[in-house]
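Residue strings, one per chain:
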Amino acid sequence: GAGVSQSPSNKVTEKGKDVELRCDPISGHTALYWYRQSLGQGLEFLIYFQGNSAPDKSGLPSDRFSAERTGGSVSTLTIQRTQQEDSAVYLCASSLQGGKDEKLFFGSGTQLSVL
Amino acid sequence: AQRVTQPEKLLSVFKGAPVELKCNYSYSGSPELFWYVQYSRQRLQLLLRHISRESIKGFTADLNKGETSFHLKKPFAQEEDSAMYYCALSRGGYNKLIFGAGTRLAVHP
């Protein structure tokens, strides 16, 4: 596709359940980012992948959050034992090489609602 | 600590009026600063970056290191400028952005 693709667009789950959010970056982009946007808040950095390097996980809020990027392309963000405070829009972005002044291309996001 | 502050949650102006969306940052290194915009029902997208010193859709932003500011300006607002605007700071060796909370710009006819 032409842009960053995220699925599902909406996810409603019950507290305590696990969820998986998927991101398909722009083809050829080696850098991939996950951000979270809670209501009334700015975007919060979660994790960064660049090629085969070890990911920067410094933004993950707890050990219930994890992410993988398989084959340098698709990424999955997993939230275990979801809590109500996990409710947010989860945005994925990609850029060509992750350079400091590169443009980030964002997906449409996954709206996660934890009941 | 690195931080981006956008003091206004909402800025409401009339068409043709000048617009200034404020952004202040705190960062000990040499910052790379950006403005991202999200129009209604569209994806978040880059508006401009300070390194390019460009004007996009009539918007400009100047980095003022003395005041640690990167305010976004446009001399004559248009209705199609109505959107959510986010100021962002890049830190580290790659594009790990810190975003402000955003300012909603509403341009009235």
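Up top you'll find the structure we're talking about.
Note that the coordinates shown come from a computational prediction; the quantities given were computed from them, not determined experimentally.

Cut-off values and rules
Residues numbered from 1 in each chain as written. Chains lettered and ligands numbered in written order. Predicted model: local features only at pLDDT ≥ 70, side-chain atom pairs only at ≥ 80, totals over all residues. Heavy atoms only, no water. Salt bridge = Lys/Arg side-chain N within 4 Å of Asp/Glu carboxyl O. Helix = DSSP H or I, 4+ residues; strand = E, 2+ residues; numbered from the N terminus. Buried < 20%, exposed > 50% of the residue type's maximum accessible area, 1.4 Å probe, protein only. Pairing = 2+ DSSP bridges. Axes fitted to C-alpha atoms, helices over the stretch in contact; angles between N-to-C directions. Contact = heavy atoms within 4.5 Å.

## As for the pattern of salt bridges
- Applying the stated criterion to the full structure yields seven salt bridges over all chains.
- Among the ionic pairs, Asp 56 of chain A bridges to Lys 96 of chain B, the shortest N-O distance being 2.9 Å. Of this pair, Asp 56 of chain A sits in the loop between β5 (43-50) and β6 (65-69) while Lys 96 of chain B sits in strand β10 (residues 96-99), which puts the two residues in different chains.
- Asp 56 of chain A sits in the buried class, given a relative accessible area of 18%.
- Between Asp 86 of chain A and Arg 64 of chain A there is a salt bridge whose closest N-O contact spans 2.8 Å. Taken as a pair, Asp 86 of chain A in the loop between β7 (75-79) and β8 (88-95) and Arg 64 of chain A in the loop between β5 and β6 lie far apart in primary sequence, 22 residues in all.
- Accessibility expressed as a relative area gives 12% for Arg 64 of chain A, which makes it buried.

## Quick word on the sheet that holds strand β3 (residues 19-24) of chain A
Residues and elements named next belong to chain A.
- Spatially, β1-β3-β7-β6 is the arrangement adopted by the four strands of the open sheet, whose pairing is antiparallel. Sheet topology places β1 (5-7) and β6 at the edges, where each strand pairs with a single neighbour. With direction set aside, neighbouring strand axes in the sheet form an average angle of 15°.
- Where β6 lies against β7, five bridges are found, and the strand directions are antiparallel. Within β7, the residue paired with Ser 66 across the bridge is Thr 78.

## Here's the deal with the environment of Ala 88 of chain A
Residues and elements named next belong to chain A.
- Structurally, the position occupied by Ala 88 is in strand β8.
- As a C-alpha pair, Ala 88 and Gln 41 span 47 residues in sequence and 9.8 Å in three-dimensional space.
- Each residue touching Ala 88, except ones within four places of it in the same chain, is listed here: Arg 36, Gln 37, Ser 38, Thr 110, Gln 111 and Leu 112.

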